[in-house]
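# Examining the three-dimensional arrangement
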Amino acid sequence: MRRPRFIAQQSSHPKGLMGRAIARIMSRETSRLNDAALDLLDLRDDDRLLEVGIGHGRTVEKAAERLTNGYVAGIDVSAEMTRMAGRRNADAIRDGRVDIRVGSSSHVEFPDDAFTKALAVHTIYFWEDPSTDLAELRRVIRPEGRFVLGFTPSGASHAGHFPGDIYRFASRDELVEMLAAAGFDVETEVPDAGAGALLSLR
Ligand SMILES: C[S@@+](CC[C@H](N)C(=O)[O-])C[C@H]1O[C@@H](n2cnc3c(N)ncnc32)[C@H](O)[C@@H]1O
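Residues numbered from 1 in each chain as written. Predicted model: local features only at pLDDT ≥ 70, side-chain atom pairs only at ≥ 80, totals over all residues. Heavy atoms only, no water.

Across its full length, the chain holds 8 helices and 7 strands. Taking 17 Å as the expected radius of gyration for a compact globule of 202 residues, we find that the chain reaches 16 Å, a close match to that expectation. Within the chain, buried positions represent 52% of all 202 residues. Pairs at least 24 residues apart make up 71% of the contacts formed inside the chain by residues separated by at least 6 positions. (Helix = DSSP H or I, 4+ residues; strand = E, 2+ residues; numbered from the N terminus. Rg over C-alpha atoms; globule rule 2.2 N^0.38 Å. Buried < 20%, exposed > 50% of the residue type's maximum accessible area, 1.4 Å probe, protein only. Contact = heavy atoms within 4.5 Å.)

Encoded structure:
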């Protein structure tokens, strides 16, 4: 089904009541891919995980359940989403196990090597300069760490349902090339993980 422009705009940067409503729908629509991304990360209980583009915060919540001795940081450009995700993860934030901030893939406000693992699902389409932002992610992930990227490739049958100037889909090969230039090598690939593809990178 074709996505109306205003819904695509909201998905790229949710705002207000409409943004929250769309995020609730999104959390159901993207749950399979996000759950598969968490599995692919192979989380240990003491991992330090970064999620970029947390939206509703459901994946942060699920990750925090697994990281009993670890830590999850989540960033999103949308203040509406950080508030929504903050409410959902209020207890873990109070306990110091989760940290949610307004922030962008273009400038991740954490020190070098701050994380053992990271994920970004259905968000790279909206990044202004994905090549530079992937290098910024490489900076904050330890050299032996793992990064899982979840995305719809440009060739997918449903990619044409989304306005192309908002959802800037790339092909799998274009992404792998960008990732390699940023210092990430493909470790595992799941072309159909439920409404999207996954790349696990080192
Ligand atoms: C389609 S939603 C996906 C949310 C969640 N990852 C999921 O899979 O359900 C995209 C999210 O990425 C956020 N976003 C867009 N550009 C971003 C950027 N450059 N840095 C961080 N977050 C960004 C949006 O605000 C939105 O919350």
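Moving on to the site of the ligand. Not every one of the 24 residues close to the ligand is listed here, only the nearest: Thr30, Gly53, His56, Asp76 and Ser105. Measuring from an oxygen atom of the ligand, one finds a backbone N or O atom of Ser12 at 3.5 Å. One of the side-chain N or O atoms of Asn34 is found 2.9 Å from an oxygen atom in the ligand. In the complex, 97% of the free accessible area of the ligand, which totals 600 Å², lies under the protein chains. (Near = heavy atom within 4 Å. Polar contact = N/O pair within 3.5 Å; in protein donor to acceptor, adjacent residues only side chain to side chain. Areas by Shrake-Rupley, 256 points an atom, 1.4 Å probe, with all protein chains shown as cover.)

This brings us to the nonpolar core. Core analysis: the biggest nonpolar cluster contains 38 residues, and Leu50, Phe110, Leu134, Leu137, Phe147, Leu149 and Leu179 have the highest contact counts within it. Going through the elements one at a time, β1 (48-52), β2 (71-76), β4 (115-121), α7 (130-140), β5 (141-151), α8 (172-182) and β7 (197-201) are the ones with two or more residues in this core. Among the elements that take part in this core, α8 stands out by supplying 5 residues, more than any other. Once you skip the residues sitting within four places of it in the chain, Phe110 turns out to touch Tyr71, Ala73, Ile75, Asp99, Arg101, Phe115, Arg139 and Val140. Of all hydrophobic cores here, the second largest spans 22 residues; its members include Leu38, Val60, Ala85 and Leu119. (Core = buried A, V, L, I, M, F, W, Y, C linked by side-chain atoms within 4.5 Å.)

Attention now moves to the side chain of Asp47. Relative to the elements of secondary structure, Asp47 occurs in the loop between α3 (31-41) and β1. Excluding anything up to four places from it in sequence, Asp47 contacts Asp42, Leu67, Gly70, Tyr71, Thr116 and Lys117.

A residue-level look at the chain finds 100% of positions with pLDDT of 70 or above and a mean pLDDT of 97. Per-element confidence in the chain is highest for β1, whose mean pLDDT is 99, and lowest for helix α1 (residues 5-12), whose mean pLDDT is 96. (pLDDT = per-residue confidence, 0-100.)

Position of Ala36 relative to the elements: it lies in helix α3. Residue Ala36 is classed as partly exposed on the basis of its relative accessible area, which comes to 23%. Measuring from C-alpha to C-alpha, the distance between Ala36 and Phe126 comes to 22 Å, with 90 residues separating the pair along the chain.

On to the side chain of Thr30, then. One can find Thr30 in the loop between α2 (16-29) and α3. By relative accessible area, Thr30 is classed as buried at 11%.

Moving on: the sheet that holds β5. The sheet built from 7 strands is open, its strands ordered β3-β2-β1-β4-β5-β7-β6 with mixed pairing. Bordering the open sheet on either side are β3 (98-102) and β6 (186-190), each of which pairs with just one other strand. Between one strand axis and the next, the sheet turns through 15° on average, direction left out of account. Pairing of β4 with β5, which is carried by 6 bridges, proceeds in the parallel orientation. Paired with Val121 across the two strands is Gly150, which belongs to β5. (Pairing = 2+ DSSP bridges. Axes fitted to C-alpha atoms, helices over the stretch in contact; angles between N-to-C directions.)

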